[in-house]
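Listed below, chain by chain, are the residues.
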Amino acid sequence: MKLCLFFTSDLMFSSRVKPLAHEKEFEIRFPAATSTEFSDQPELVIFDLEFVPPGDLGAILENLRAAATDIPRTIAYAPHVKEKLLENARGLGVDEVWTRGQFNRNFGSLFD
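Residues numbered from 1 in each chain as written. Predicted model: local features only at pLDDT ≥ 70, side-chain atom pairs only at ≥ 80, totals over all residues. Heavy atoms only, no water.

### Focus: the nonpolar core
Part 1: Counting 19 residues, the largest nonpolar core has Phe7, Phe47 and Leu49 as the members making the most contacts within it.
Part 2: If you list the elements that add at least two residues to this core, you get strand S1 (2-7), strand S3 (44-48), helix H2 (54-67), strand S4 (73-78) and helix H3 (83-91).
Part 3: A per-element tally of this core places H2 first, with 4 residues.
Part 4: The residues contacting Leu49, other than those within four sequence positions of it, are Leu57, Ala76, Tyr77, Ala78, Leu85, Leu86 and Ala89. (Core = buried A, V, L, I, M, F, W, Y, C linked by side-chain atoms within 4.5 Å. Buried < 20%, exposed > 50% of the residue type's maximum accessible area, 1.4 Å probe, protein only. Helix = DSSP H or I, 4+ residues; strand = E, 2+ residues; numbered from the N terminus. Contact = heavy atoms within 4.5 Å.)

### Observations regarding the side chain of Thr8
Part 1: Along the chain, Thr8 falls in the loop between S1 and helix H1 (11-23).
Part 2: Only 3.0 Å separates the side chain of Thr8 from the backbone nitrogen of Asp10, close enough to count as a polar contact.
Part 3: Side-chain polar atoms of Thr8 contact the side chain of Asp48, separated by 3.0 Å.
Part 4: Apart from the residues lying within four places of it in its own chain, the contact partners of Thr8 are Ser14, Phe30, Asp48, Phe51 and Tyr77. (Polar contact = N/O pair within 3.5 Å; in protein donor to acceptor, adjacent residues only side chain to side chain.)

### A few points about the confidence of the model for the protein chain
Part 1: Considering every residue of the protein chain, the mean pLDDT works out to 93; 100% of them sit at 70 or more.
Part 2: Within the protein chain, the element-level pLDDT minimum falls on H2, averaging 91, and the maximum on strand S5 (residues 96-99), averaging 98. (pLDDT = per-residue confidence, 0-100.)

### Details of the side chain of Ser14
Part 1: Its place among the elements puts Ser14 in helix H1.
Part 2: Apart from residues no more than four positions distant in its own chain, Ser14 is found in contact with Phe6, Thr8 and Phe30.

### Notes on the pattern of salt bridges
Part 1: Enumeration according to the criterion identifies 8 salt bridges in this entry.
Part 2: For Arg29, the salt bridge identified is with Glu27, shortest N-O distance 2.9 Å.
Part 3: Close ionic contact of Glu50 with Lys82 constitutes a salt bridge, the shortest N to O distance being 3.8 Å. Of this pair, Glu50 sits in the loop between S3 and H2 while Lys82 sits in the loop between S4 and H3, and the two are 32 residues apart along the sequence.
Part 4: Residue class for Lys82 comes out partly exposed when judged on its relative accessible area of 35%.
Part 5: Several salt bridges share partner residues, and in doing so they unite Asp10, Asp48, Glu50, Lys82 and Arg100 into one network. (Salt bridge = Lys/Arg side-chain N within 4 Å of Asp/Glu carboxyl O.)

### Thoughts on H2
Part 1: When the terminal C-alpha atoms of H2 are compared, their 21 Å separation across 14 residues agrees well with the 20 Å that a helix rising 1.5 Å per residue should span.
Part 2: Three or more residues of H2 are buried, namely Leu57, Ile60, Leu61 and Leu64. Projected down its long axis, H2 carries its buried residues within an arc of 100°, all on one side. For H2, the exposed residues set more than 90 degrees away from the buried face come down to Gly55, Glu62 and Ala66.
Part 3: The elements touched by buried residues of H2 are S1, S3, S4 and H3. (Expected span 1.5 Å × (residues − 1). Arc of directions from axis to C-beta.)

So this is what it looks like as structure tokens:
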């Protein structure tokens, strides 16, 4: 089973993601916002940028990449009005940076 880490406290999205993850044969875990130690290799990492402190995102990404034998796909999202959070994620090399609306529209393809 593949692993997805989803950094969020949003119960609406987490409850929608969980069944889709299992359908696509992903185990899903919800780490703490400031988690920086990773013992298992995720294939996908999703960041709710309102949950992860902006100063911690870089450390989380660095540790994920350092521990990875295969670099995981990363997705980050935030409301469209939170431009600085979205720009910060792009600058740190997050693979896909979406607005919350895009995340909601692209939801069905997260695990493809």
